[in-house]
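Listed here are the chains, written in short residue letters.
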Amino acid sequence: MPIHFDEERGLLYLHAKNSTYVMGLNQNHLAHVYWGPSLPEEMPVHSPVWKLTEMMGSSMSVASAGSLWRTLDNIRSEYPTFGSGDLREPAFHAEYADGSRATELAYVGHTITPGKPAIPGLPATYAEEDAATTLTVELADAVTDLHVFLLYTVFSELDVITRSVRVENRGKETVTIRRIFSASVDLPPQKLEAVSLFGGWAKECSPSRVPVTYADLTFDSKRGHSSAHMSPFLALLPPETTEEVGSVYAMSFVYSGNFAAGVYKDITGTHRMYMGLNAFDFGWRLDPGERFDSPEVAMVYSGEGLGGMSRTYHELWRHHLIRGKYKYAERPVLLNNWEATTFTFTEDDILAIAEGGKRLGVDMMVLDDGWFGKRNDPTSSLGDWYVNRDKLPSGIDGLAAKVEAMGMRFGLWLEPEMLSPDSDLYRAHPDWCIHTPGRDRLEWRSQLTLDLSRPEVVDYMIDTVSKVLDGAAISYVKWDMNRSMSNIGSAGLPADRQQEVPHRYMLGLYRLMETLCQRYPDILFEGCSSGGQRFDAGILHYMPQIWTSDDSDAIERERIHTGTSYVFPPETQGSHVSACPNQVTKRTVPMKTRCDVAVCGQFGFELDLNRESEEDLAVCRGAIETYKRIRHTVHTGKMYRLASPFEGNYTAWQFVEQDGSRVVAFIGNTLAEAAGGYTVIRFRGLDPEARYRDDIGEIYTGAFLMNIGLYERAAEDFGTRLITLDRV
Ligand code: DGJ
């Protein structure tokens, strides 16, 4: 049974594929007992840190023996609240009508149901009834009649437990929620390190690994979007855990706005790991009878190091988060004009670029920024979503028809969440932007954020985007978002609800995306935020792929794709071949290298192919063929990171078909090695007995590839090798 209540011992067991999570009832307090490798239920779970009776002897609780709530500071808590006697980092903090802020949550009951309920208004993982089971634990505060429901879904085929929290105000007074984390886990005393992903524009997803010390270590975003500065992901692991060996406890947030994740290590060495909405500048007024749902955290336990963690996340998102027509379908190889033209183009230019793609075998032409209003640079027209006929005399419909007549499909760039001060929309609705009354409206890339916390603005954008999509044969949308939120405030909300703006914005954004995805099920949506500034599981619920970075330099992409793969699979990562010298790094790398890197993601082009040499075009043509041959393995297989560009001269990724029939390996080096040794790339996860034939007919056994490996010596700067091995 995936979820079982041992009534006699008061233990709630959640069994995922190879891991177990246990909670315990300590009188009416819900304690955290265990999270780790599978635990048979026959084993007694005696834990001095969650059982009150065993705590009574401890010196720390002697003073207040007899009162459970006064001793919670040294008990492992499942959902710690402020004001309960647990003085460590709380998961929940609320303010009541009389000014008090204490919440004491006592167990009321629980239910176990097959499948997984949706979270109203929010993206979340989903599962068939036989793939997951959900536990809902009801807790209540006797004084205020606030009821808190902790939801846990355990996936039977994955080492995943998702968590979210629902709060219902059944009292008579208004409550203001100040903090509501979605997950908090008290890991027992041990040495742990924290792995997070940091970065910024054109530098997304660099892994960081630091020891956890006696402090509160927080990773968060206050930018109004998840951002690349710190990704909404956190893993804790003992120092001895490696890429493929050892325990990892990970959390990833299914949310695209402000978040906080962290670990609080106390004097006992207990690690409280948490993740949820950022409590900074957050408040949510909950009137009597109202409920609040927190976004979901997906928790992964891996006994196979960071690689095992990543493979579990990849499977979770693939099968239980991404939806729609393109969930499993092969997606078009696209050609985007942005890096070739930026804002300066005519219809003829776009058709010529499309023609170049057509000759090569590209499936889709995507028109990027600059097609609407009077937008010839970033200073105007966001919000004015009507075509600029000076540039495109046949309109978007005419252009799309011409592209379709060439035998390609057509895609369009939009930035629906923004408006330019120089736009008809802003002139008509100056209050429709996020702003603080009486202060300057801080522009960023000359633009302001549309106030999607206002339902009428969301409705307007649903209509506006629908008109664009109804007006032409559009098969794909690149949904961009190019600024962080500042001067946070909304003209649509009263003073005591201003701290709700960032979360209400996200709810508005998700309604906008959900409505459009339902209305246009055949359109492929790609998320983007100046590259990967909002690469998170929230967006992936609506859009199955995301533009990974504005840095399309292949060498940089080796790093960015490695970091992104910690949480997200290759098919979610928009990955294009661009021109050299690269627009961001000014670096020139061989076309083969650019292609080899790009085919390991969601492949496309970002250049005017008419400007490339015949020799390079032949490489690109070959890359499309290679991509189509290997994409099933790369997009549905298991990924192993064999060598990290963050640690040395080499990047190596290995993708293995789920049934082991094909292996694709990418090996890239940064600099040539003048003389001396070799670098050994050892494969992983293969059947040692199996025999594999490579592209030139060499046969290797799985044992050879895993134990002896391939000896690599970099002959040139920025070299790559792409190897396909088929089981024979
Ligand atoms: C930022 C995106 O990341 C780019 O690819 C491009 O679409 C520009 N915005 C257009 O303004």
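The structure reproduced in this document is the subject of the present report. Quantities reported herein were computed from a predicted structural model and do not represent experimental measurements. (Residues numbered from 1 in each chain as written. Predicted model: local features only at pLDDT ≥ 70, side-chain atom pairs only at ≥ 80, totals over all residues. Heavy atoms only, no water.)

**Here we look at the site of the ligand**
Okay, step 1: Of all residues adjacent to the ligand, which total 13 residues, the nearest are D368, D369, K478, D480 and D550.
Okay, step 2: Here an oxygen atom of the ligand and a side-chain polar atom of D369 are 2.7 Å apart.
Okay, step 3: In this structure, an oxygen atom belonging to the ligand sits 3.1 Å away from a side-chain N or O atom of W413.
Okay, step 4: Alone, the ligand offers 290 Å² of accessible surface; in the complex the protein occludes 98% of this.
Okay, step 5: Grouping the amino acids of the shell around the ligand by side-chain chemistry returns 4 nonpolar, 3 polar and 6 charged. (Near = heavy atom within 4 Å. Polar contact = N/O pair within 3.5 Å; in protein donor to acceptor, adjacent residues only side chain to side chain. Areas by Shrake-Rupley, 256 points an atom, 1.4 Å probe, with all protein chains shown as cover. Nonpolar A, V, L, I, M, F, W, Y, C, P; charged D, E, K, R; others polar.)

**Points about the packing of aromatic side chains**
Okay, step 1: Per the counting criterion, the structure on display carries 26 aromatic pairs.
Okay, step 2: With a centroid separation of 6.0 Å and an interplanar angle of 55°, the aromatic rings of Y678 and Y711 are classed as tilted. Of this pair, Y678 sits in the loop between β33 (662-669) and β34 (679-681) while Y711 is found in strand β37 (residues 710-712), placing the two residues 33 residues apart along the sequence.
Okay, step 3: With a relative accessible area of 51%, Y678 lands in the exposed category.
Okay, step 4: A ring pair is formed by Y700 and F704, whose centres lie 5.4 Å apart and whose planes are at 40°; its orientation type is tilted.
Okay, step 5: What makes Y700 buried here is its relative accessible area of 17%. (Phe/Tyr/Trp six-rings, centres within 6.5 Å; stacked < 30°, edge-to-face > 60°. Helix = DSSP H or I, 4+ residues; strand = E, 2+ residues; numbered from the N terminus. Buried < 20%, exposed > 50% of the residue type's maximum accessible area, 1.4 Å probe, protein only.)

**Some thoughts on the sheet that holds strand β3 (residues 19-26)**
The pairing of strands in a sheet happens through backbone hydrogen bonds and is either parallel or antiparallel.
Okay, step 1: If you walk across this open sheet you meet the 4 strands as β1-β2-β3-β4, and the pairing is antiparallel. At either end of the open sheet lies a strand with only one pairing partner, and these are β1 (3-6) and β4 (29-37). If you compare each strand with its neighbour and ignore which way they point, the axes differ by 15° on average. (Pairing = 2+ DSSP bridges. Axes fitted to C-alpha atoms, helices over the stretch in contact; angles between N-to-C directions.)

**Concerning the pattern of salt bridges**
Okay, step 1: For the structure shown, the criterion picks out 48 salt bridges.
Okay, step 2: With its nearest N and O atoms 2.7 Å apart, the salt bridge here joins D422 to K374. Taken together, the residues span a long stretch of sequence, with D422 in the loop between β24 (418-419) and α7 (424-428) and K374 in the loop between β22 (364-367) and α6 (395-405) at a distance of 48 residues.
Okay, step 3: In this structure D422 comes out as partly exposed when scored by relative accessible area, which is 28%.
Okay, step 4: Its relative accessible area of 47% is what places K374 among the partly exposed residues.
Okay, step 5: Through salt bridges with shared partners, a single ionic network connects D73, D86, R88, D186, D266 and R272. (Salt bridge = Lys/Arg side-chain N within 4 Å of Asp/Glu carboxyl O.)

**Description of unusual backbone geometry**
Okay, step 1: Cis rather than trans, the peptide bond between C580 and P581 has omega equal to -5°.
Okay, step 2: Of note, P581 is situated in the loop between β29 (573-578) and α12 (591-598).
Okay, step 3: Even without a glycine there, the phi angle at S227 is positive, about 75°.
Okay, step 4: Inspection of the secondary structure puts S227 in the loop between β13 (216-221) and β14 (233-237).

**So, a nonpolar patch on the surface**
Okay, step 1: Among the surface-exposed residues, Y678, I708 and Y711 lie close enough to one another that they form a single nonpolar patch of about 340 Å² accessible area.
Okay, step 2: Considering the arrangement of structural elements, one finds I708 in helix α14 (residues 702-708).
Okay, step 3: Exposure remark for I708: the relative accessible area of 41% places this residue in the partly exposed category. (Patch = residues over 30% accessible without salt bridge, like charges linked within 9 Å, V, L, I, M, F, W, Y side chains within 5 Å.)

**Concerning the pairing of strand β9 (residues 160-169)**
Okay, step 1: Of all 10 residues making up β9, 10 are buried, and the element is well covered by its neighbours.
Okay, step 2: As paired elements, strand β8 (residues 146-155) and β9 share 9 bridges and run antiparallel to each other. Counterpart to L146 in the pairing with β9 is N169.
Okay, step 3: Turn length for the β8-β9 hairpin, with the two strands adjacent in sequence and antiparallel, is 4 residues.
Okay, step 4: Summarising the sheet, β9 and strand β20 (residues 296-302) pair through 4 bridges and their orientation is antiparallel.

**A look at helix α13 (residues 614-636)**
Okay, step 1: Helix length check: α13, at 23 residues, gives a terminal C-alpha distance of 33 Å against a target of 33 Å (1.5 Å per residue), a fit within 8%.
Okay, step 2: At I630, α13 is bent by approximately 55°, the largest bend along its length.
Okay, step 3: Looking only at α13, the buried set comprises L617, C620, A623, I624, T626, Y627, I630, R631, T633, V634 and H635. (Expected span 1.5 Å × (residues − 1). Bend = angle between axes of the 7 residues up to and from the residue.)

**Examining the nonpolar core**
Okay, step 1: With 188 residues, the main nonpolar core has W371 and F605 as its most contacted residues.
Okay, step 2: The element best represented in this core is helix α9 (residues 501-519), accounting for 9 residues.
Okay, step 3: Ignoring any residue separated from it by four or fewer positions in sequence, one finds W371 in contact with F345, W385, Y386, V387, N388, L392, I396, L412, W413, L414 and V468.
Okay, step 4: Counting residues in hydrophobic clusters, the runner-up holds 21 residues, among them L642, A643, I681 and L725. (Core = buried A, V, L, I, M, F, W, Y, C linked by side-chain atoms within 4.5 Å. Contact = heavy atoms within 4.5 Å.)

**Some thoughts on the environment of A228**
Okay, step 1: Tracing the backbone through its elements, the reader meets A228 in the loop between β13 and β14.
Okay, step 2: Spatially, the C-alpha atom of A228 lies 6.2 Å from that of F198, the residues being 30 residues apart in sequence.
Okay, step 3: With near-sequence residues (within four places) excluded, A228 lies in contact with F198, G199, G200, E204, G532 and Q533.

**What to know about the packing of helix α5 (residues 347-360) against α6**
Okay, step 1: Between α5 and α6, whose axes approach to 11 Å, the crossing angle comes to 25°. With respect to α6, the axis of α5 lies roughly parallel. Where α5 crosses over α6, the handedness of that crossing is right-handed. Across the interface between the two elements, E347, I350 and L351 from α5 touch L399, K402 and V403 from α6.
Okay, step 2: Along the lines of polarity and charge, the residues of the contact of α5 with α6 split into 4 nonpolar, no polar and 2 charged. (Parallel < 35°, antiparallel > 145°, perpendicular 65-115°, else oblique. Left-handed = near helix turned anticlockwise from the far one by under 90°.)

**Thoughts on the sheet that holds strand β21 (residues 334-336)**
Okay, step 1: Sheet architecture is closed into a barrel: 8 strands sit in the order β21-β22-β23-β26-β27-β28-β29-β30, paired in parallel fashion. Each adjacent strand pair in this sheet contributes to an overall mean axis angle of 30°, direction not counted.
Okay, step 2: Across 4 bridges, the pairing between strand β23 (residues 409-414) and strand β26 (residues 476-479) is parallel. By the bridge assignment for β26, W413 is matched with K478.
Okay, step 3: Those strands touched by helix α11 (residues 554-564) are β28 (545-547) and β29, and its axis lies near 170° from that of β29.

**Quick notes on the environment of Y96**
Okay, step 1: Take Y96: it is sitting in the loop between β5 (92-95) and β6 (106-114).
Okay, step 2: A relative accessible area of 7% places Y96 in the buried class.
Okay, step 3: Between the alpha carbons of Y96 and R285 there is a distance of 10.0 Å; along the sequence they are 189 residues apart.
Okay, step 4: When residues no more than four places from it in sequence are discounted, the contact partners of Y96 are R101, A102, T103, T144, L146, T174 and V175.
Okay, step 5: Within the structure, the side chain of Y96 is placed 2.7 Å from the side chain of T103, a separation counted as a polar contact.

Scope: geometric values only; no functional claims are made or implied.
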